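Structural description and commentary
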Amino acid sequence: MAINNINNGLPKTPVDNGKVAQQNQTQQAQQQASAQTAAKAPAPRQDSVSLTQSAQQLNQVQKKGSEAPVNQEKVDRLKKAIQSGEYRVNPEVLANKIAKLESEIFSAK
């Protein structure tokens, strides 16, 4: 079996061992320099998150709200009253309840 076109008929160039050794030394020096630079570099900063006290309180309120029991009969009764137009809002009672809730939420502890 014959193999054609090996080296395209060009003569083989001799290897300069001195040049190869020099290239290897240069590569090793570059790798050592990279390793030293990496060792001197400060560790990357860690990401962190901090929540304000208000955000923490809001999170607690949301958790409590999702865990609160639901009186489904009352909810159904109110839905039916709203849909039929029978539900009436007393603005004074509503305003008092809102004020009370805000004072509970934002009062100094």
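1. Here we look at the overall build of the protein
- For the protein, the count of helices and strands is four helices and zero strands.
- Taken from N to C terminus, the helices and strands of the protein fall in the order α-α-α-α.
- Across the 109 residues of the protein, 1% fall into the buried class.

2. Observations regarding a positive patch on the surface
- Residues K74, R77, K97 and K100 make up a contiguous surface patch of positive charge.
- Breaking the positive patch down by element, the ones donating at least two residues are α3 (72-84) and α4 (91-106).
- Position of R77 among the secondary structure elements: in helix α3.

3. So, a nonpolar patch on the surface
- On the surface, L78, I82, Y87, V89, L94 and I98 cluster together into a nonpolar patch covering about 550 Å² of accessible area.
- Listing elements by their share of the nonpolar patch, those giving two or more residues are α3 and α4.
- A residue is classified by how much of its surface remains accessible, and L78, at 36% relative accessible area, is partly exposed.

4. Describing the layout of surface pockets
- Space inside the largest pocket adds up to approximately 360 Å³.
- Among the elements of the structure, α2 (53-67) and α4 are those that each provide at least two residues to the lining of the largest pocket.
- No other element matches the seven residues that α2 contributes to the lining of the largest pocket.

5. Observations concerning α4
- Helix length check: α4 (16 residues) gives 22 Å between terminal C-alpha atoms against 22 Å at 1.5 Å per residue, within 8%.
- At the N-terminal end of α4, a side-chain oxygen is found 3.2 Å from the backbone nitrogen of E92, two or three residues along, and the residue is N90.

6. A short note on the confidence of the model for the protein
- On average, residues of the protein score 82 in pLDDT, and 81% of them reach the 70 mark or higher.
- Per-residue pLDDT, averaged within each element of the protein, yields its smallest value for helix α1 (residues 17-40) (78) and its largest for α3 (94).

Rules of the game
Residues numbered from 1 in each chain as written. Predicted model: local features only at pLDDT ≥ 70, side-chain atom pairs only at ≥ 80, totals over all residues. Heavy atoms only, no water. Helix = DSSP H or I, 4+ residues; strand = E, 2+ residues; numbered from the N terminus. Buried < 20%, exposed > 50% of the residue type's maximum accessible area, 1.4 Å probe, protein only. Patch = residues over 30% accessible without salt bridge, like charges linked within 9 Å, V, L, I, M, F, W, Y side chains within 5 Å. Areas by Shrake-Rupley, 256 points an atom, 1.4 Å probe, with all protein chains shown as cover. Salt bridge = Lys/Arg side-chain N within 4 Å of Asp/Glu carboxyl O. Lys, Arg positive; Asp, Glu negative; His and termini not counted. Charge placed at Lys NZ, Arg CZ, Asp CG, Glu CD. 1 Å grid on protein atoms, 1.4 Å probe; cavity = no way out; pocket = protein on both sides within 12 Å on 5 of 7 lines; lining within 4 Å. Points joined across faces, edges and corners; volume = space filled by probe spheres on them. Expected span 1.5 Å × (residues − 1). Polar contact = N/O pair within 3.5 Å; in protein donor to acceptor, adjacent residues only side chain to side chain. pLDDT = per-residue confidence, 0-100.

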